[in-house]
Amino acid sequence: MTHPDRDHLTRFLLPRAGVRGVHVHLDATWQAIASSDDYPPMVRAMLGESAAASALFTGHTKVDGRLSVQLRGTAGLRTLFAECTAAGTLRGIARVADGAGDIAGLHAIGEDALLAITIENPGIGDREPVRYQSLVSLDAPDLSAAFEAYFVQSEQLPTRLLLAADSDAAVGLMLQKLPGDSVADVDGWDRASALFATLRAGELLETGVAELLHRLFHEEDPQIVGGRPLEFACSCSRGRVEAMLASLGRVEAEAALADGVASVRCEFCGQAYTFDTAGIHAIFTEDRRPMDAPPRLQ
């Protein structure tokens, strides 16, 4: 089925119920993210769900820079990272331990695993970027439930969230009770939440946003109030790679030269950056403005 909302974020209201929502559909964007590696099925699904979540959360959160969802474990799944920028660009990656095989689910990634939501906004003037990070509990059966619990606990906002991903698409739908809502219909949230509970992952993947809102909430007078396109893009650059090599120090950077050439490949997009001996030498002899490092779990 062709969706007019593919690779798109849509914000909507259920005015009668006093509820706001966000819908995200990733198509070519998700396929570009997934193409970076041959992931085990469950890891691929979690990466797709995380990519959809990173975009969903920018729908109601003020993000001037970037928002990322990051998971680190000590068992089979070592790293999972998905990011959406204020410009609507996404990237993501996962890393699995050698010989780990498939991952059974969120409960099987290690007892000391960390899941974090990080917002990085640019600093004013010459100031450093401003970073906000929140840790998410991993005692839930899946990512959808984990993020639901996070919003209830950290923002005191009743929230319903469903994420789904397959080989073609990654999709997410989120409802939240309007902050400070004084709508006369005091049962509005309970009614919207009950309707949301009837939604299944397959239906979310197969149905466009307009049809989905009508099918679930037609009695709540759903109104689409905004949106924006989404696309895959990577923030890597030659300057960032040079800054990374500079951080290693001259001895280690020169040790990376093999047959007179050092090659660094971006894990997100596959772009290769090559440096000869003169290029490595220039990194440590020219004045360079520091580059912001890519977001990382801290």
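Residues numbered from 1 in each chain as written. Predicted model: local features only at pLDDT ≥ 70, side-chain atom pairs only at ≥ 80, totals over all residues. Heavy atoms only, no water.

(A) Seen up close, the sheet that holds strand E3 (residues 66-72). Read from one edge of the open sheet, 6 strands run E7-E6-E3-E4-E5-E11, paired in mixed fashion. Each edge of the open sheet carries a strand with a single partner, namely strand E7 (130-136) and strand E11 (231-232). For E3 and strand E4 (residues 77-85), the ladder comprises 7 bridges, and the chain directions are antiparallel. Within the sheet, the bridge partner assigned to arginine 72 lies in E4 and is threonine 79. (Pairing = 2+ DSSP bridges. Helix = DSSP H or I, 4+ residues; strand = E, 2+ residues; numbered from the N terminus.)

(B) The arrangement of the sheet that holds strand E8 (residues 159-165) in detail. Strands sit in the order E8-E9-E2-E1-E10 across an open sheet of 5 strands; the sheet is antiparallel. Every other strand in the sheet has two partners, leaving E8 and strand E10 (223-229) as the edge strands with one partner each. Direction aside, neighbouring strands of the sheet carry axes that sit 10° apart on average. Alignment of strand E2 (residues 19-26) against strand E9 (residues 170-177), held across 8 bridges, turns out to be antiparallel. The partner of arginine 20 across the bridge, within E9, is glutamine 176. Its contacts with the sheet place helix H2 (residues 41-56) against strand E1 (8-14), E2, E8 and E9, and it is angled at close to 135° to E8. (Axes fitted to C-alpha atoms, helices over the stretch in contact; angles between N-to-C directions. Contact = heavy atoms within 4.5 Å.)

(C) Representation of unusual backbone geometry in the model. A positive phi angle, near 50°, is found at aspartate 7, a position not held by glycine. Of note, aspartate 7 is situated in the segment before E1. Relative accessible area serves as the criterion here: at 14%, aspartate 7 is assigned to the buried category. Positive phi values are uncommon outside glycine, yet aspartate 221 reaches one of about 55°. Looking at the secondary structure, you find aspartate 221 in the loop between helix H6 (209-217) and E10. (Buried < 20%, exposed > 50% of the residue type's maximum accessible area, 1.4 Å probe, protein only.)

(D) Geometry of the nonpolar core. Formed by 50 residues in total, the largest nonpolar core has its most connected members in Phe57 and Phe147. Element by element, the count of residues in this core is highest for H2, at 8 residues. Residue contacts for phenylalanine 147: discarding those within four places in its chain leaves Ala53, Phe57, Val69, Leu115, Ile117, Val136, Leu161 and Leu163. Of all hydrophobic cores here, the second largest spans 21 residues; its members include Phe12, Leu162, Leu173 and Leu216. (Core = buried A, V, L, I, M, F, W, Y, C linked by side-chain atoms within 4.5 Å.)

(E) Quick look at the pattern of salt bridges. Throughout the structure, instances matching the rule amount to 12 salt bridges. Aspartate 64 is the salt-bridge partner of lysine 62, the closest N and O atoms lying 3.4 Å from each other. On the accessibility criterion, lysine 62 (63% relative accessible area) is exposed. For the salt bridge of arginine 215 with glutamate 203, the shortest nitrogen-to-oxygen distance reads 2.9 Å. With arginine 215 in helix H6 and glutamate 203 in helix H5 (residues 201-206), the pair connects residues that are 12 residues apart, well separated along the chain. Residues participating in the shared-partner salt-bridge network are Arg66, Glu83 and Arg91. (Salt bridge = Lys/Arg side-chain N within 4 Å of Asp/Glu carboxyl O.)

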